[in-house]
Amino acid sequence: MLRSAVLGAAMLAIATPAFASGFTFETAKPVDEDRFATLGTVWLCEDTVCKGDLKRKKVSVRDCKKLAKKVGEIVSFKNGDAELTAEELEECKATARNR
């Protein structure tokens, strides 16, 4: 029985890859809420910095725009592997200005 449980746990670990990745964004002004949900995750914010786990590997302008509609102008958006370029951030900022 113990052998079956160990084997089952090992198979589950192999079959369930870790897709969630830590993302961070910073806003131009302090965020009103210290916790909010969007993009399928809960974001925890302190002053102008918010962190959350997304089931994605890359940062995207599309995600930045969705966040900007919720919190305002975003000045950086990144994860452990990449971050938006200055041009991409400008595209995202346009969304915040139109909210």
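Residues numbered from 1 in each chain as written. Predicted model: local features only at pLDDT ≥ 70, side-chain atom pairs only at ≥ 80, totals over all residues. Heavy atoms only, no water.

## What to know about the environment of proline 30
So, point 1. Assignment of secondary structure puts proline 30 in the loop between strand E1 (21-27) and strand E2 (35-38).
So, point 2. The spacing of proline 30 and cysteine 45 is 15 residues in sequence and 8.9 Å in space, taken between C-alpha atoms.
So, point 3. Setting aside chain neighbours within four positions, we find proline 30 in contact with Asp47 and Thr48. (Helix = DSSP H or I, 4+ residues; strand = E, 2+ residues; numbered from the N terminus. Contact = heavy atoms within 4.5 Å.)

## Some points on the nonpolar core
Considering soluble globular proteins, one finds that nonpolar side chains tend to be buried as a cluster.
So, point 1. Residues Phe25, Phe36, Trp43, Leu67, Ile74 and Phe77 are the most contacted members of the largest nonpolar core, which totals 21 residues.
So, point 2. By residue number, the principal contributor to this core is helix H2 (residues 61-71), which donates five residues.
So, point 3. The contacts of phenylalanine 25, once residues within four sequence positions are left out, are Phe36, Trp43, Thr48, Val49, Cys50, Leu67, Val71, Ile74, Ser76 and Phe77. (Core = buried A, V, L, I, M, F, W, Y, C linked by side-chain atoms within 4.5 Å. Buried < 20%, exposed > 50% of the residue type's maximum accessible area, 1.4 Å probe, protein only.)

## Quick look at the sheet that holds E1
So, point 1. The strand order across the open sheet built from five strands is E2-E3-E4-E1-E5, with neighbouring strands paired in antiparallel fashion. At either end of the open sheet lies a strand with only one pairing partner, and these are E2 and strand E5 (74-79). Strand-to-strand twist of the sheet, defined as the mean angle between neighbouring strand axes without regard to direction, takes the value 25 degrees.
So, point 2. Judged from the four bridges that link them, E2 and strand E3 (residues 41-46) form a sheet pairing that is antiparallel. Within E3, the residue paired with threonine 38 across the bridge is threonine 41.
So, point 3. Along the sheet, H2 contacts E1, E2, E3, strand E4 (49-54) and E5; its crossing angle with E5, the most-contacted strand, is approximately 135 degrees. (Pairing = 2+ DSSP bridges. Axes fitted to C-alpha atoms, helices over the stretch in contact; angles between N-to-C directions.)

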